[in-house]
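# Observations on chain architecture
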Amino acid sequence: MNLFESFRSGVQSILANRLRSGLTMLGIMIGVAAVIVLVAFGQGASNSITGSIEGLGTNLITVFPGTAGGAQADANLAVKDLTVDDAVALNDQVLAPDISAAAPTKRARVSCTAGTLSHSTAMVGSWPAYFEISNSEVSEGGYFTNSDELDGRRVAVIGKTVADNLFDEADPIGKEMTCNGVPFTVLGVLVSKGASGFGDQDDTIIAPLTTVRNHLTGIGSLDTIAVQAASSQTQAQAQEQLTAVLDARHDVEAATRDYQIFNQASLLTTVNQALGIFTALLGAVAAISLLVGGIGITNIMLVSVTERTREIGIRKAIGASRRVILLQFLIESTVLSLIGAFFGLVLAFLVTRVEVAGIQPAIVPASVLGAFVISVGIGLFFGSYPANRAASLRPIEALRHE
Amino acid sequence: MTPVLDLVDVTKVYGDGDAVVRALDGVSLTVNTGDYLAIMGASGSGKSTLMNIIGALDIATAGQYHLDGIDINTLDEDALSIVRNRKIGFIFQSFNLIPRTTALANVELPLAYRGVKRGERRDRAKAALTAVGLSDRMHHRPNELSGGQQQRVAVARALVAQPSLLLADEPTGNLDSRATADVLKLLDQMHDEGRTIVMITHENDVAQHADRVIVLKDGRIDEDRLNR
Ligand SMILES: Nc1ncnc2c1ncn2[C@@H]1O[C@H](COP(=O)(O)OP(=O)(O)OP(=O)(O)O)[C@@H](O)[C@H]1O
Ligand SMILES: [Mg+2]
């Protein structure tokens with residue numbers, strides 16, 4: 001009696017009791033579907049948040065002015081402003097070879113009008129390199145140039161939301177808008193990044209730094225310096241070079257540092273860790289329903305063993321060993337569980353096609369594999385007690401059973 | 001030549017204390033190859049108990065039992081299942097076919113447990129079913145067969161593995177006279193081919209088919225006679 005034949009006879013006896021087998025499978029099916037779907041939603045949430053963090057820029061490191069202690073910082077420490085010269089120094093290929101670009105930014109709250117339409121938003125003043133650093137591509141029109149920046153021309157690139165609010169259906173390229181009383185010519189519209197955990201990333205205007213400083217904010221401290229590491233592998237080196245350059249320029253060391261660094265990679269790591277725990281918890285809750293399904297298998301297999309006591313007796317009388325009987329019932333419970341898992345998988349695939357609360361669930365291959373391995377495990381584990389009972393029946397008593 | 005069955009002073013006791021029942025009380029019996037033995041006796045005289053011990057389904061409380069020279073009392077459950085598979089073919093009063101399983105699959109089963117390959121198994125099972133006159137009923141399930149046909153399937157299943165001993169417990173107990181005649185004819189045929197048969201029966205005319213009849217009474221052999 002080889003494994004394949006035992007498998008076939010397992011399927012046969014499952015088919016012989018369709019309704020009962022179906023109801024038992026339902027437990028496993030729901031459990032498997034729950035595990036895969038909940039993990040897929042966790043993964044979907046993670047993808048969405050990761051996507052919006054990555055939308056901030058590629059290999060982005062941001063420098064802010066001020067001490068880590070904030071207001072409570074030692075009053076004796078003179079906090080130096082972040083300056084355009086700091087940004088220039090960070091672009092030095094000798095001192096900071098792993099930094100591919102650095103751009104200073106200055107932000108202004110503006111309310112803009114174009115024709116009869118108006119819209120309030122934030123305007124970022126920076127250098128042309130900022131487009132690359134912040135992952136901002138134009139979908140229509142073009143970027144401003146270094147000469148626009150040097151001459152402080154009143155030109156701007158606007159996000160999709162701003163374009164929709166100020167120009168409605170019309171093409172904004174070449175049109176004029178007035179922000180806090182200053183007229184700007186629109187050069188381009190940015191590719192949409194969509195809404196995310198960080199608000200609407202399309203609600204922004206990018207303009208030359210000199211223009212923003214001259215007309216809107218005045219020459220004060222910069223808000224940030226946006227720095228791009230040459231690659232994701234060299235983020236750590238880039239950050240080291242960045243601190244070395246700025247520490248030397250500001251004449252500070254680790255303890256007295258008057259600027260702060262925000263590293264996109266480490267944020268991603270932290271967020272992904274938190275989301276990983278969240279997803280694992282979801283999976284664990286779902287796994288409980290799988291456990292309940294498993295108990296259903298034990299229950300139904302016990303009924304089946306009792307019902308088939310006489311059959312087991314006959315089989316033993318004509319020479320079935322304990323091992324053969326054990327295997328027969330184990331295979332039956334495992335096949336039952338596997339078929340349930342298969343339908344659970346189908347259900348999960350159907351359910352995860354639906355987007356819920358803006359999250360597109362993403363099926364994690366490991367959870368599919370895991371669900372199958374676990375359901376085989378459940379079949380074996382929860383089938384082992386009934387199977388053992390069947391195998392250890394004494395033949396004469398089993399034969400006498402009515 | 002070693003006898004097929006060799007029982008010496010076999011005793012089976014059920015229960016303990018006041019409720020103790022000596023179902024078998026010192027049975028000694030030898031059956032040689034080719035013998036056809038009928039066991040008779042009143043209800044409760046110990047026939048089925050003796051059959052269970054002979055069939056290696058149960059172990060005697062005391063005494064010696066050798067089947068084909070093998071000391072059955074010393075074997076464990078797994079070894080007993082091998083002995084049942086290789087040495088014994090069972091025919092029961094209530095047929096005891098596996099439900100929802102075709103006649104062919106039922107007859108194949110002892111060979112499957114022995115590890116015979118599928119193709120050979122199939123051929124041998126078909127031959128056995130043909131021998132009992134059921135070549136046109138191979139793919140029927142037990143609930144699609146008459147009692148007599150079911151018992152013939154059971155005979156085919158008992159024969160297919162070529163056991164040393166055919167053991168039948170009231171094989172005609174649930175059959176009408178036609179079917180009884182069919183089954184007895186099959187057993188006679190097996191006997192003519194040299195098989196060893198032990199059969200329990202209540203009926204004298206069934207016992208007439210055997211060469212030798214023993215009668216049990218209160219767990220002892222009361223009478224041991226040769227027919228004809
Ligand atoms: N499992 C058991 N536990 C206790 N007593 C038993 C058991 N099996 C049989 N007995 C007793 O042993 C005695 C012999 O029983 P057995 O079944 O061998 O009789 P039998 O000759 O086959 O009878 P029948 O013709 O009615 O089938 C009876 O007194 C019966 O009550
Ligand atoms: Mg009896």
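Described below are features of the structure shown in this document. (Residues numbered from 1 in each chain as written. Chains lettered and ligands numbered in written order. Predicted model: local features only at pLDDT ≥ 70, side-chain atom pairs only at ≥ 80, totals over all residues. Heavy atoms only, no water.)

Quick look at the pairing of strand β6 (residues 176-179) of chain A now. Residue and element names in this part refer to chain A. With burial as the criterion, only one face of β6 is covered, namely that bearing M177 and C179; the residues E176 and T178 on the opposite face remain uncovered. Pairing between strand β2 (residues 99-114) and β6: two bridges, direction antiparallel. The residue bridging C112 from the neighbouring strand is C179, located in β6. Pairing between β6 and strand β7 (residues 182-190): four bridges, direction antiparallel. Opposite C179, over in β7, you have V182 as the bridge partner. (Buried < 20%, exposed > 50% of the residue type's maximum accessible area, 1.4 Å probe, protein only. Helix = DSSP H or I, 4+ residues; strand = E, 2+ residues; numbered from the N terminus. Pairing = 2+ DSSP bridges.)

On to the state of the cysteines, then. All names here are of chain A. Throughout the structure, instances matching the rule amount to one disulfide over all chains. Across the disulfide from C112 sits C179; the S-S distance is 2.1 Å. Residues C112 and C179 are joined by a disulfide whose S-S torsion is about 110°; by sign, that bridge is right-handed. One end of the pair, C112, is in strand β2; the other, C179, is in strand β6, with 67 residues separating them in the sequence. As far as burial versus exposure is concerned, C112 and C179 are alike and both buried. (Disulfide = S-S within 2.5 Å.)

Residue and element names in this part refer to chain B. As summarised here, the arrangement of the four strands in space is β2-β1-β4-β5, forming an open sheet in which the pairing is antiparallel. Edge strands, defined here as strands with exactly one partner in the open sheet, are β2 (21-31) and β5 (70-71). Summarising the sheet, strand β4 (residues 62-67) and β5 pair through two bridges and their orientation is antiparallel. Among the inter-strand pairings, L67 is bridged to a residue of β5, identified as I70. Relative to the sheet, helix α1 (residues 47-54) contacts β1 (5-14), β2 and β4, its axis offset from that of β1 by approximately 125°. (Contact = heavy atoms within 4.5 Å. Axes fitted to C-alpha atoms, helices over the stretch in contact; angles between N-to-C directions.)

Our next topic: the sheet that holds strand β3 (residues 36-41) of chain B. Residue and element names in this part refer to chain B. The strand order across the open sheet built from six strands is β6-β7-β8-β3-β9-β10, with neighbouring strands paired in mixed fashion. Here the strands that pair on one side only, and so sit at the sheet edges, are β6 (88-91) and β10 (220-226). This sheet shows a mean twist of 20° between the axes of neighbouring strands, independent of strand direction. Pairing analysis gives five bridges linking β3 to strand β9 (residues 212-217), with the strands arranged parallel. The residue of β9 that forms the bridge with M40 is V215. Here α1 sits on the sheet in contact with β3, β6, β7 (165-169), β8 (196-200) and β9, set at roughly 155° to β7.

Residues and elements named next belong to chain B. Between helix α3 (residues 103-114) and helix α4 (residues 118-131), the least distance of the axes is 9 Å, while the angle of their chain directions is 125°. In terms of axis orientation, α3 runs oblique to α4. The chirality of how α3 crosses α4 is right-handed. Contacts between α3 and α4 involve A103, L104, V107, E108, L111 and A112 on the former and, on the latter, R121, R122, R124, A125, K126, A128 and L129. Broken down by class, the residue content of the contact of α3 with α4 amounts to eight nonpolar, no polar and five charged. (Parallel < 35°, antiparallel > 145°, perpendicular 65-115°, else oblique. Left-handed = near helix turned anticlockwise from the far one by under 90°. Nonpolar A, V, L, I, M, F, W, Y, C, P; charged D, E, K, R; others polar.)

Attention now goes to a nonpolar patch on the surface. Where nonpolar side chains cluster on the molecular surface, the patch consists of L19(A), L23(A), L26(A) and I30(A) and spans about 420 Å² of accessible area. Along the polypeptide, L23(A) turns up in helix α2 (residues 18-55). (Patch = residues over 30% accessible without salt bridge, like charges linked within 9 Å, V, L, I, M, F, W, Y side chains within 5 Å. Areas by Shrake-Rupley, 256 points an atom, 1.4 Å probe, with all protein chains shown as cover. Salt bridge = Lys/Arg side-chain N within 4 Å of Asp/Glu carboxyl O.)

This next bit is on the site of ligand 1. Neighbouring residues of ligand 1: 13 residues in total, closest S43(B), G44(B), K47(B), S48(B) and T49(B). Proximal residues around ligand 1 fall on chains A and B, making this an inter-chain site. Within the backbone of G44(B), a nitrogen or oxygen atom sits 2.9 Å from an oxygen atom of ligand 1. One of the side-chain N or O atoms of S48(B) is found 2.7 Å from an oxygen atom in ligand 1. Surface burial for ligand 1 is 62%, taken as the share of its 630 Å² of free accessible area covered by protein chains. Elements supplying a minimum of two residues to the shell around ligand 1: β2 and α1 of chain B. Split into classes, the residues belonging to the shell around ligand 1 amount to four nonpolar, seven polar and two charged. (Near = heavy atom within 4 Å. Polar contact = N/O pair within 3.5 Å; in protein donor to acceptor, adjacent residues only side chain to side chain.)

Below, the discussion takes up the interface of chain B and chain A. The partner chain A presents 22 residues to the 25 residues of chain B that form the contact. Here chain B packs against chain A, burying approximately 2,100 Å² in sum over the two surfaces, 56% of which is carbon and sulfur. Remark: the boundary between chain B and chain A carries zero salt bridges. At the boundary of chain B and chain A, one finds five residue pairs in polar contact (both at pLDDT 80 or more). (Buried area = accessible area lost by both parts, 1.4 Å probe.)

Scanning the entire structure with this criterion turns up four cavities of 30 Å³ or more. Roughly 130 Å³ of internal volume is contained in the largest cavity. As for the largest cavity, its lining consists of 15 residues, of which S13(A), N17(A), R20(A), S304(A) and E332(A) are closest to the centre. Considering each element in turn, the lining of the largest cavity owes the most residues, four residues, to helix α9 (residues 264-307) of chain A. Of the pockets and cavities examined, the second largest cavity occupies roughly 80 Å³. In terms of lining, the second largest cavity is formed by I318(A), R84(B), N85(B), I88(B), G89(B), F90(B), P110(B), R157(B), A158(B) and A161(B). Counting only elements with at least two residues in the lining of the second largest cavity, the list comes to α2 (77-87), β6 and α5 (147-160) of chain B. Residue composition of the lining of the second largest cavity, by class: six nonpolar, two polar and two charged. (1 Å grid on protein atoms, 1.4 Å probe; cavity = no way out; pocket = protein on both sides within 12 Å on 5 of 7 lines; lining within 4 Å. Points joined across faces, edges and corners; volume = space filled by probe spheres on them.)

Functional significance is not addressed by these values, which are geometric in nature.
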